[in-house]
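The chain contents come next:
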2 protein chains.
Amino acid sequence: MNRPNPARIDIQKMSGYTPGEQPDPSRPLTKLNTNENPFPPPKAVLDAILSATKQNLRLYPEPSSISVRQAAAKAYNLKPEQVIAGNGSDDLLTMVLRTFVGHKQLVTAPAPTYSLYETLTKIQGGIFKDTPWPDDFSLPIDDLIKSNAQLIFVVRPNAPTGHVVPLADIAKLCENAPGVVVLDEAYVDFAEDNGLSLLNDHDNLIITRTMSKSLGLAGLRVGLGFTNPTLAAEMHKVRDSYNLNRLSQAGAVAALDNLAAYKPGIAAIRNERSRVTIELQNRGFTVMDSQANFILATVPKDTLNGEGWLNALRNKGYLIRYFGSDPRLADKIRITIGTKDEMDGFLQAVDELL
Amino acid sequence: MNRPNPARIDIQKMSGYTPGEQPDPSRPLTKLNTNENPFPPPKAVLDAILSATKQNLRLYPEPSSISVRQAAAKAYNLKPEQVIAGNGSDDLLTMVLRTFVGHKQLVTAPAPTYSLYETLTKIQGGIFKDTPWPDDFSLPIDDLIKSNAQLIFVVRPNAPTGHVVPLADIAKLCENAPGVVVLDEAYVDFAEDNGLSLLNDHDNLIITRTMSKSLGLAGLRVGLGFTNPTLAAEMHKVRDSYNLNRLSQAGAVAALDNLAAYKPGIAAIRNERSRVTIELQNRGFTVMDSQANFILATVPKDTLNGEGWLNALRNKGYLIRYFGSDPRLADKIRITIGTKDEMDGFLQAVDELL
């Protein structure tokens, strides 16, 4: 470059979000690092995509994904005007930031949390401030409200801990928050309950979902946002006009029309989550109760540290997640729950390393 | 809403971008309104998507679409570090705004132009100012430079006129522009030349392309950006981590690997463009020379006005584009070039209305 770098100073100073590693498909690694579903999507979903591929790919898709929004409204007992579709839930999070956060406005979340919130806030020119989780991991309602943030993110089940806070706490937060509350339910299909019923009473609440976890469609990039029609209409203004392609739309509709087909897989993951939690606890790990499709485990003292476990397990063919940039997570590793066979192999690898 | 609307005032005040109408597929309308390709993509592209559908849709895609960037680098004689992939070229335009335009910074383009530039600038909190095209539609280089805009968009071939300005003018603009120049080459495959060679000498130049027009993949949402590695690296920071899904990536690679298969279709569209231009001129329309896959026609005096033609042609089964919100375009209609049969039918409909 002969000229000075023309990018905004904020952008020059930041690094982008680092997604979890997607290993070369030719390497025989078992992926337990980015919370994908170990089971493929139902045949009906694949058939819908195959059929859409053969139809009019030369034509633009529906601009606002109305067929997806109608299918979601039916599946979740909402109105289509309450639903907005995203190119993954990350796209919805981007829309939320762009719609509700102005120059130098504040954003917060109980932390540690999904690091993309901070990245997106910086890109938007806002200011992100952690609100630390207390030691007992109860929702820090007063601290979140006192932060005076225009936007508050709460992940439930939380990432990367997997724990859930009571829905009544989310309701109390919405009631008293100065701005918008985003309840990120990326993992909620693996949990005991969800926040949809809160939408009726709280017009500053936005719930986000993804098809990347429970619905086995991380490769398709579909997220859904649920809120009231007023907030949805504002978000539609900043949405890219054709943010879902025809194949995502076809697959998403089929997934929503076939939610029952996912139940056995979800049940298997929940069972496996309980088993692996106990097995790791028996081996000296501290594991928080998780309602997600992953668990966060504190490694036993006098063994490897978190990064050591990451590398040693990778050498044994298991890719897990370690959040090296956050000192609060230095002694912890996050493990996605896979199939029984995958988790048997993982536990055997752990045994070999203890 | 019991609370005040929490959206940014800028967003509340604006309306979103209005994309061209996508009619209900059950209505027998010939779409000549959004510059899609009348020919389907080659079989190799569809086969690649069908194959990818059956493989690992449960896993996230490549985060930065490296396979697409490698295929593009090979096809266009660039390095992969010079290429960035978008979920449609609109996604690339969004990245450009977010990377290079700060709060209240200026953006301009010779106008009338693609109205999304103004929408994206407003969303970003920047200020968009038209730089009018002169009567002879030569590039207003001095006016663009004097605007002191941080970002200048030039569409070449231009939308909605279809005309091209000399590449030497683009070079001169880059040399003297205070900030970044985006050369939007959405329609360039239908033109005589393109701006790729300018990338070597101008490190403030970004070229954007789309697969929605010449490559017949509007339904897949793939755009490409070409620039120098420094600007590309900054844009990657604001890019959504998984902005292309697995099927878009597979289709895009196959399209780039099979560019030769598109040549007959592109040649047919160019021939048809010449023919329809002359046929409309013979009927009293004024038509600018177009190097795109559409033409902009000024309707004959003493016939319907632009909106009248839109409605009358729709009643006859032909959907064209009319830009009612811009008074400079009130007497003009834009017609996408379709197949010979489609254009024969269109011309017959025109005859019936004259």
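This text gives an overview of the structure that appears in the document. Since the structure is predicted, the reported quantities are computational estimates derived from the model, not experimental observations.

## Observations regarding the nonpolar core
- Judged by nonpolar contacts, the single largest core of 146 residues is most densely connected at A:Leu280, A:Phe346, B:Leu280 and B:Phe346.
- Top element by residues in this core is helix H9 (residues 246-257) of chain A. It accounts for seven residues.
- Listed in part, the 66 residues of the second largest apolar core include A:Met14, A:Ala186, B:Leu116 and B:Phe128.

## Observations regarding the sheet that holds strand S12 (residues 332-336) of chain A
All names here are of chain A.
- If you trace the three strands from one edge of the open sheet to the other, you get S9-S10-S12, paired in antiparallel fashion. The open sheet is flanked by strand S9 (286-287) and S12, the only strands paired with a single partner.
- Note: strand S10 (residues 294-298) against S12, five bridges, orientation antiparallel. Among the inter-strand pairings, Thr298 is bridged to a residue of S12, identified as Lys332.

## Here's the deal with the relation of the copies chain B and chain A
- With an axial shift of 0.0 Å and an RMSD of 0.0 Å, the rotation relating chain B to chain A amounts to 180°. The superposition operator between the copies reduces to a two-fold rotation axis. Measuring from the rotation axis to each C-alpha of chain B, the shortest distance belongs to B:Leu50, at 3.0 Å.
- Here 100% of the contact residues of chain B are again contact residues in chain A; the copies associate through an equivalent surface.

## Some details on the interface of chain B and chain A
- In this complex, chain B contributes 79 residues to the contact, which on the side of chain A involves 79 residues.
- Counting each side, the surface lost to burial between chain B and chain A is near 6,400 Å², with a carbon and sulfur contribution of 56%.
- For the chain B face of the interface with chain A, the top three residues by lost area are B:Arg58, B:Tyr60 and B:Arg98, together amounting to 13%.
- For A:Asp203, the salt bridge goes to B:Arg3, with nearest N and O atoms at 3.9 Å.
- The interface formed by chain B and chain A contains 42 residue pairs in polar contact (both at pLDDT 80 or more).
- Only helix H1 (9-13), helix H2 (43-53), helix H4 (89-100), helix H7 (167-176), helix H8 (229-238) and helix H9 (246-257) of chain B provide two or more residues apiece to the side of chain B that touches chain A.
- Counting residues per element, the side of chain B that touches chain A draws most heavily on H4(B), at six residues.
- Looking at the side of chain B that touches chain A, its residues break down into 33 nonpolar, 29 polar and 17 charged.

## Notes on the packing of aromatic side chains
- Under the defined criterion, the tally for this structure stands at 18 aromatic pairs over all chains.
- Look at A:Tyr60 and A:Tyr242: their rings are 4.5 Å apart centre to centre, the planes differ by 25°, and that puts the pair in the stacked class. Of this pair, A:Tyr60 sits in the loop between helix H2 (43-53) and helix H3 (66-76) while A:Tyr242 sits in the loop between helix H8 (229-238) and H9, placing them 182 residues apart in sequence. With respect to class, A:Tyr60 is no different from A:Tyr242; both count as buried.
- These aromatic residues form a ring-pair network of at least three members: A:Tyr17, A:Tyr114, A:Tyr117 and A:Phe153.
- The ring of B:Tyr76 carries B:Arg209 above its face, with NZ or CZ at 5.2 Å from the centroid.
- Positioned above the aromatic ring of B:Phe294, the side-chain terminus of B:Arg334 is 5.4 Å from the ring centre.

## Describing the pairing of S12(A)
- Most of S12(A) is tucked away: five of the five residues are buried.
- Here S12(A) shows a buried face lined by A:Lys332, A:Arg334 and A:Thr336 and a second buried face lined by A:Ile333 and A:Ile335.

Rules of the game
Residues numbered from 1 in each chain as written. Chains lettered and ligands numbered in written order. Predicted model: local features only at pLDDT ≥ 70, side-chain atom pairs only at ≥ 80, totals over all residues. Heavy atoms only, no water. Core = buried A, V, L, I, M, F, W, Y, C linked by side-chain atoms within 4.5 Å. Buried < 20%, exposed > 50% of the residue type's maximum accessible area, 1.4 Å probe, protein only. Helix = DSSP H or I, 4+ residues; strand = E, 2+ residues; numbered from the N terminus. Pairing = 2+ DSSP bridges. Least-squares fit on C-alpha atoms with pLDDT ≥ 70 in both. Contact = heavy atoms within 4.5 Å. Buried area = accessible area lost by both parts, 1.4 Å probe. Salt bridge = Lys/Arg side-chain N within 4 Å of Asp/Glu carboxyl O. Polar contact = N/O pair within 3.5 Å; in protein donor to acceptor, adjacent residues only side chain to side chain. Nonpolar A, V, L, I, M, F, W, Y, C, P; charged D, E, K, R; others polar. Phe/Tyr/Trp six-rings, centres within 6.5 Å; stacked < 30°, edge-to-face > 60°. Lys NZ or Arg CZ within 6 Å of the ring centre and 35° of its normal.

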